[in-house]
Amino acid sequence: MLIFGIETSCDETACAIIKDGREVISNVVASQIKTHEIFGGVVPEVAAREHLDTINVVINETFDIAKKEFNINPDDIDAFSSTAGPGLVGCLLVGLNAAKALSLSYNKPFIGVNHLKAHVCANFLESDLKPPFICLLVSGGHTQVIKIDDYDKQEIIASTIDDATGEVYDKAARLMGLTYPGGIKLDKIAQTGNKYAFKLPEAKVKENEFSFSGLKTAVLRLVQSYRGKELPVNDISASFQETITTTLINKTKFLADKYNIKTIALSGGVAANSRLREKLFELQSEGYNTFAPKMKFCTDNAAMVASCAYFCPIKTDDSLILEAFSRG
Ligand code: KG4
Ligand code: ZN
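Residues numbered from 1 in each chain as written. Chains lettered and ligands numbered in written order. Predicted model: local features only at pLDDT ≥ 70, side-chain atom pairs only at ≥ 80, totals over all residues. Heavy atoms only, no water.

A. Layout of the packing of helix α8 (residues 233–258) against helix α9 (residues 274–282). Two elements in contact, α8 and α9, have axes whose closest approach is 9 Å; the angle formed by their N-to-C orientations is 40°. Classed by the angle they form, the pair α8 and α9 counts as oblique. Judged by the sense of rotation from one axis to the other, the crossing of α8 with α9 is right-handed. On α9, the residues touching Gln-241, Glu-242, Thr-245, Thr-246, Leu-248 and Ile-249 of α8 are Ser-274, Arg-275, Leu-276, Lys-279 and Leu-280. For the contact of α8 with α9, the residue count by class is 4 nonpolar, 4 polar and 3 charged. (Axes fitted to C-alpha atoms, helices over the stretch in contact; angles between N-to-C directions. Helix = DSSP H or I, 4+ residues; strand = E, 2+ residues; numbered from the N terminus. Parallel < 35°, antiparallel > 145°, perpendicular 65-115°, else oblique. Left-handed = near helix turned anticlockwise from the far one by under 90°. Contact = heavy atoms within 4.5 Å. Nonpolar A, V, L, I, M, F, W, Y, C, P; charged D, E, K, R; others polar.)

B. Structural view of the coordination of the zinc ion (ligand 2). Around the zinc ion (ligand 2), the donor atoms from the protein are His-115 (NE2), His-119 (NE2) and Asp-300 (OD), and they sit 2.0 to 2.1 Å away. Donor residues for the zinc ion (ligand 2) sit on one chain with the sequence pattern H-x3-H-x180-D. With His-115 in helix α4 (residues 115–121) and Asp-300 in the loop between β11 (289–291) and α10 (303–311), this residue pair connects regions lying 185 residues apart in the sequence. With relative accessibility at 8%, the residue His-115 sits in the buried group. (Donors = N, O, S within 2.8 Å, 3.2 Å for Na, K, Ca; no water. Buried < 20%, exposed > 50% of the residue type's maximum accessible area, 1.4 Å probe, protein only.)

C. Local environment of the domain arrangement of the protein. We note that the domain assignment places domain 1 (2–124 + 298–321) and domain 2 (133–293) within the protein. Centre-to-centre separation of domain 1 and domain 2, based on C-alpha positions: 27 Å. Residue-level contacts link 21 residues of domain 1 with 24 residues of domain 2. Of the roughly 1,800 Å² buried between domain 1 and domain 2, counting both surfaces, carbon and sulfur atoms make up 68%. When the buried area of domain 1 at its contact with domain 2 is split by residue, Val-120, Asn-123 and Cys-298 rank highest and sum to 34% of it. Its salt-bridge partner being Asp-152, residue Lys-315 comes within 3.4 Å of it at the nearest N-O pair. Taken together, domain 1 and domain 2 are joined by 5 residue pairs in polar contact (both at pLDDT 80 or more). (Domains from an automatic or database assignment. Buried area = accessible area lost by both parts, 1.4 Å probe. Salt bridge = Lys/Arg side-chain N within 4 Å of Asp/Glu carboxyl O. Polar contact = N/O pair within 3.5 Å; in protein donor to acceptor, adjacent residues only side chain to side chain.)

Now the structure itself:
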């Protein structure tokens, strides 16, 4: 089954064609980083307009690659899908309406997708991972541990009570003067620093909770204490990165043990983080099976959307009237 996917929930305009939820036929991502760099972060109205300007080019390129490399034509597509939420509504509407229009014009079904479930499905792309497994989802808007009993049987077993992981990365980066996109820059600089230079706090919360506001405040205080002196950005970054990845991995491991599930996967933009991936793979020596999406499938993309349309779509009586949603 060939599914065409569209992703426009935030700052990437992306389309892909995926066979049977796992095999990548075509995958195109147009990033808006250059546009939002000027503003120091994503401006929703600007993002929506850029999606509108870019979407047709990305759709055409996706079809062109499928034709050139696999001799697949638009008529061969079995269904069209897009992210319906959560995300920026003005942005979501661009992809949602484009996918609905394609579905009507090619007379094929439209399938709506939840962005968070799509991040989890990034693990199925070019891999043979099968449920059951525990998934740590860490993105710009969410931090969750999800128990995946089957493709469409998922339960959130822990989540953040304040900031999301990507959000804390971006805020900590900004405090140290690293500009948007801050998370990836902090990760790079952390690799040159001493992770034991500063002792930063880990929140004491319930087993089904994460909290990062204390860590964020600790970074703020540390940065303030260097006023007038040179800031050791690499050591603060390394210490921050070590603290947050330790918290994330320890809780995920604890919950995997609690539910007696030996397979652990990562997902979401922060799954691209070097230390988080390292710490995840270290669990293999303790007898866990570990999976992380390929780097290109960690941050927002449409390959994961088309995979999700195949494995765990949003169920509705009439998908064509499915609306965009900001939270979920
Ligand atoms: O999943 P995603 O692309 O968008 C959302 O759905 O939110 O995640 C974006 C988030 C941003 O906060 C970004 O700073 C963070 O993922 N991120 C990283 C890294 N790459 C992206 N954070 C830490 N280390 C990275 N290497
Ligand atoms: Zn995302």
